[in-house]
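Each chain is listed here by its residues.
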Amino acid sequence: MDERAALSLLEGELEAAGDDAAVVDDLVITTDMLHERTDFPTGTTRYTAGWRAVGASLSDVAAMGADATAAVAAYAAPEFDRDELLAFVRGARDVCNRVDAAYVGGDLDGHSEFTVSTTAVGRSDDPVRRSGAEPGDLLCVTGTLGRSAAGLELFGRSAREDSASDDDSGVERANDLFRFEPRVAAGAALAPHATAMMDSSDGLARSLHQLAEASDCGFAVDSEAVPVAEALFELADGEGTDADPLERAIAFGEDFELVATLPESALETVRAAIDVDLSVIGSVTEPVEGITLDGEKLPDRGYTHGT
């Protein structure tokens, strides 16, 4: 089975599965695992790895509209390098501080490949699920899409360059793009109004298919309204890049923005309360209409863990 099939299997066995996080007595809890081979390109600093790994779990807390409380991480590597370990912890601590949560430690283990397993917890007495979208609701996303795709491209370019070059600006920028801000505050501001919500870690297209399945609805998306990260357009103008920025923004994933639906009457209230740009990119439709981009069917494509 691939990841999607495995998740579907487990959703049939576990009552709490199916959303970005589980909820137990107002406690929101989620866990993630990242590997060097699939998640940390050559050039990724341990500081960025700590930030990104813990940030991924904090993003799941944000997607439930919960306040983040704390996070832990299990760190496994072939050997424990002092500088790398300290950098990882500092990255993990800094991303927690960014969302007013605490990084409270974790576990260490030997492993053939640098691997991180993270868990984050939060609190909510009324979490937002994926299953409440209604036809007529607005479809919104926070921030911009495509930062991680741009970062991966920059990591790849740097790896292909002459190793004798002293210019490491590409790697520095790539690391910066990989350090996203979990949208915990935005999720909390959206929570009283959102009818459905999740994060975009698997890509906008795949997120919409998951929301549509959970809410039994369709979506009509306007491509001109999708907020594409400026870095993707800059890279598209460079040598050797022929990928369409919009396509990468929609399908690549790993951006950890929030995808939410809400009544049109709540839009201005939310925008006044939110701490980041909120773009209306379309609307919720009847399920028979499916998921479309500019009137054409939008396929279910996006990031798959472990590939």
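As recorded in an unreviewed UniProt entry, the chain goes by the name Thiamine-monophosphate kinase, listed as coming from Haloterrigena turkmenica. According to UniProt, the comment filed for the chain under the heading Function (unreviewed entry) is "Catalyzes the ATP-dependent phosphorylation of thiamine-monophosphate (TMP) to form thiamine-pyrophosphate (TPP), the active form of vitamin B1." The chain has a UniProt comment under Pathway (unreviewed entry) that states "Cofactor biosynthesis; thiamine diphosphate biosynthesis; thiamine diphosphate from thiamine phosphate: step 1/1."

**Student:** An account of the side chain of Thr30 is requested, with residue identities and associated values reported.
**Tutor:** With respect to the secondary-structure elements, Thr30 resides in strand S2 (residues 27-35). Judged by its relative accessible area of 8%, Thr30 is buried. A polar atom in the side chain of Thr30 sits 3.0 Å from the side chain of Asp60. Residues within four places of Thr30 in sequence aside, it is in contact with Asp20, Ala21, Ser57, Asp60, Val61, Thr118, Thr119 and Ala120.

**Student:** Give a detailed account of unusual backbone geometry, specifying residues and quantitative values.
**Tutor:** Non-glycine residue Asp216 carries a positive phi angle of around 55 degrees. Of note, Asp216 is situated in the loop between helix H8 (204-215) and strand S8 (218-221). Classification of Asp216 by relative accessible area gives exposed; the value is 56%. Despite not being glycine, Phe256 shows a phi value in the positive range, around 60 degrees. Summarising the element assignment, Phe256 is placed in the loop between helix H10 (245-251) and strand S9 (258-262). Looking at Phe256, the relative accessible area reads 5%, which means it is buried.

**Student:** Tell me what's going on with the pattern of salt bridges, and back it up with residues and numbers.
**Tutor:** In total, this model carries 14 salt bridges according to the counting rule given. The residue Asp19 makes a salt bridge to Arg129 at a minimum N-O spacing of 3.5 Å. Of this pair, Asp19 sits in the loop between helix H1 (3-11) and strand S1 (22-24) while Arg129 is found in the loop between strand S5 (115-123) and strand S6 (138-142), placing the two residues 110 residues apart along the sequence. Close ionic contact of Arg183 with Glu257 constitutes a salt bridge, the shortest N to O distance being 2.9 Å. Linking Arg183 in the loop between helix H6 (169-178) and helix H7 (184-190) with Glu257 in the loop between H10 and S9, this pair joins segments that are 74 residues apart in sequence.

**Student:** Describe the pairing of S8, and please don't skip the residues or the numbers.
**Tutor:** Examined bridge by bridge, S8 and strand S10 (residues 278-285) share 4 bridges and lie antiparallel to one another. Within the sheet, the bridge partner assigned to Ala220 lies in S10 and is Ser283. The pairing of S8 with strand S11 (residues 291-293) spans 3 bridges and is parallel. Bridging from a neighbouring strand, Ala220 pairs with Thr292 of S11.

**Student:** Tell me what's going on with helix H5 (residues 147-160), and back it up with residues and numbers.
**Tutor:** The end-to-end C-alpha separation of H5 is 20 Å, in line with the 20 Å expected for 14 residues at 1.5 Å each. Turning to H5, its buried residues number three or more, namely Ser148, Ala149, Ala150, Gly151, Glu153, Leu154, Phe155 and Arg157. Each element contacted by the buried residues of H5 is listed here: helix H3 (46-63), H6, helix H9 (230-236) and H10.

**Student:** I'd like a rundown of the UniProt feature "binding site: Mg(2+) 3" (unreviewed entry) in the chain, residues and numbers included.
**Tutor:** In the numbering adopted here, UniProt assigns the feature "binding site: Mg(2+) 3" (unreviewed entry) to Asp20, Asp60 and Asp199. In three dimensions, the annotated residues from a span of 180 residues occupy one location, with a maximal C-alpha spread of 7.5 Å. Turning to its location among the elements, Asp20 is positioned in the loop between H1 and S1. Here Arg130 takes part through its side chain, which lies 3.0 Å from a polar atom of the side chain of Asp20. Mapped onto the elements of the fold, Asp199 is located in strand S7 (residues 196-199). The residues touching Asp199, leaving out its near neighbours within four places in the chain, are Asp20, Ser59, Asp60, Ala63, Ser207, Phe256, Glu257 and Leu258.

**Student:** Just give me the short version of the sheet that holds S7, but keep the residues and values in it.
**Tutor:** Strand order in the open sheet made by the 7 strands is S7-S9-S6-S10-S8-S11-S12, with mixed pairing throughout. The open sheet terminates on both sides in strands that have one partner only, identified here as S7 and strand S12 (296-297). With 5 bridges connecting them, S6 and S10 associate as antiparallel partners. By the bridge assignment for S10, Leu138 is matched with Ser283. On top of the sheet, H8 reaches S6, S7, S8, S9, S10 and S11; it is set at about 145 degrees to S7, its chief contact.

The rules we used
Residues numbered from 1 in each chain as written. Predicted model: local features only at pLDDT ≥ 70, side-chain atom pairs only at ≥ 80, totals over all residues. Heavy atoms only, no water. UniProt positions renumbered as here; feature names shortened; annotations may be inferred. Helix = DSSP H or I, 4+ residues; strand = E, 2+ residues; numbered from the N terminus. Buried < 20%, exposed > 50% of the residue type's maximum accessible area, 1.4 Å probe, protein only. Polar contact = N/O pair within 3.5 Å; in protein donor to acceptor, adjacent residues only side chain to side chain. Contact = heavy atoms within 4.5 Å. Salt bridge = Lys/Arg side-chain N within 4 Å of Asp/Glu carboxyl O. Pairing = 2+ DSSP bridges. Expected span 1.5 Å × (residues − 1). Axes fitted to C-alpha atoms, helices over the stretch in contact; angles between N-to-C directions.

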